[in-house]
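# Geometric and topological summary
Chain residues, written in single-letter form:
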Amino acid sequence: MLFCIIICIVSIFLIAHIHSRTTYAPRYRMYQRVAYPSALLKVKYENDSQKQGKQDQRLTGSSMIDDPLQEVLHYAFRDYISTWYRQISSDEDFLLYLKDLVRKVIVAFSSRFKEVEWVHYLTTKLVDDFASHLRLFRQAQSKLKDSQKRDPTAGINMLSLFFNFETAMEDNLSRSLVCTSRKYALEYLQELCEVIMYIVLP
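If you check an unreviewed UniProt entry, the protein chain appears there as Sorting nexin-13 from Stegodyphus mimosarum.

Shown next as structure tokens:
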């Protein structure tokens, strides 16, 4: 799970870096070609930073969620990004573009969440999935007890019985490798993160 989170963070950094280079570098080179006074350039950069700071701060549309989420983002940037970035550069543009990118991701993710029919999912699909999972567990538990009564030395365990019942119920679909192997679990989470990033990234 930590590996997937690191991949997401690195991907956001790379996208922000590419975006800042493609949008800000030509503007900066233009200022370098023209012999503007340094004081004028400083005012220009400050105005650009103020425009970035005055951007729309709404994330989900609900102040009850946005305010705590803004605090989380503020402390995350302060404690985990600014601490090492200040040692590299004093330029604020990268941080501003990165904050803007994170906000866009959250807004896109929030808009996707609003499209989900949560009432139907929570009252129907989620309940059915939980009930089927519990039914498989009870079947495997009953099968294990019967097997132990007949032959206590048999090498049958709960996991193998559970996933055998799952394979039979899901038409040869089994999640045993994802659930029992750390390697396959990390690969599955990595693919899941890539799909989520493809959907929500602007």
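Next comes the rest of the description.
### Here's the deal with the confidence of the model for the protein chain
Chain-level pLDDT for the protein chain is 75 on average; 70% of the residues reach the 70-or-more range. At the low end of the mean pLDDT range in the protein chain sits helix α1 (residues 2-33), at 48; at the high end sits helix α5 (residues 118-150), at 88. In this model, residues 1-6 is a region of pLDDT below 50 whose contacts with residues beyond four sequence positions or in other chains number 7 contacts. Note on residues 16-36: pLDDT under 50 across the span, and 20 contacts to partners over four residues away in sequence or across chains.

### A word on the layout of surface pockets
Its boundaries defined by the atoms lining it, the second largest pocket holds a volume of some 250 Å³. Lining the second largest pocket, in full, are Asp129, Ser132, His133, Leu136, Phe162, Phe163, Glu166, Met169, Glu170, Arg175 and Cys179. Class assignment for the residues of the lining of the second largest pocket results in 5 nonpolar, 2 polar and 4 charged.

### Comments concerning unusual backbone geometry
One non-glycine residue, aspartate 171, lies in positive phi territory at about 60°. Structurally, the position occupied by aspartate 171 is in the loop between α6 (158-169) and α7 (176-180). For asparagine 172, which is not a glycine, the phi torsion comes out positive at approximately 65°. Summarising the element assignment, asparagine 172 is placed in the loop between α6 and α7.

### Describing the nonpolar core
By size, the foremost hydrophobic cluster in this structure holds 10 residues: Leu59, Leu73, Phe77, Ile81, Tyr85, Phe94, Leu95, Leu98, Val102 and Ile106. Every element with two or more residues in this core is listed here: α3 (63-85) and α4 (93-114). Sorting elements by how many residues they give to this core places α4 first, with 5 residues. Residues Leu136, Ala140, Leu144 and Leu161 belong to the second largest nonpolar core, which totals 6 residues.

### What to know about the pattern of salt bridges
Where charged atoms of side chains with opposite charge meet at close range, the side chains can pair. Applying the stated rule across the entire model yields 3 salt bridges. For arginine 175, the salt bridge goes to glutamate 166, with nearest N and O atoms at 2.6 Å. Given a relative accessible area of 37%, arginine 175 falls into the partly exposed group. We classify glutamate 166 as buried; its relative accessible area is 6%.

Definitions and cut-offs
Residues numbered from 1 in each chain as written. Predicted model: local features only at pLDDT ≥ 70, side-chain atom pairs only at ≥ 80, totals over all residues. Heavy atoms only, no water. pLDDT = per-residue confidence, 0-100. Helix = DSSP H or I, 4+ residues; strand = E, 2+ residues; numbered from the N terminus. Contact = heavy atoms within 4.5 Å. 1 Å grid on protein atoms, 1.4 Å probe; cavity = no way out; pocket = protein on both sides within 12 Å on 5 of 7 lines; lining within 4 Å. Points joined across faces, edges and corners; volume = space filled by probe spheres on them. Nonpolar A, V, L, I, M, F, W, Y, C, P; charged D, E, K, R; others polar. Core = buried A, V, L, I, M, F, W, Y, C linked by side-chain atoms within 4.5 Å. Buried < 20%, exposed > 50% of the residue type's maximum accessible area, 1.4 Å probe, protein only. Salt bridge = Lys/Arg side-chain N within 4 Å of Asp/Glu carboxyl O.

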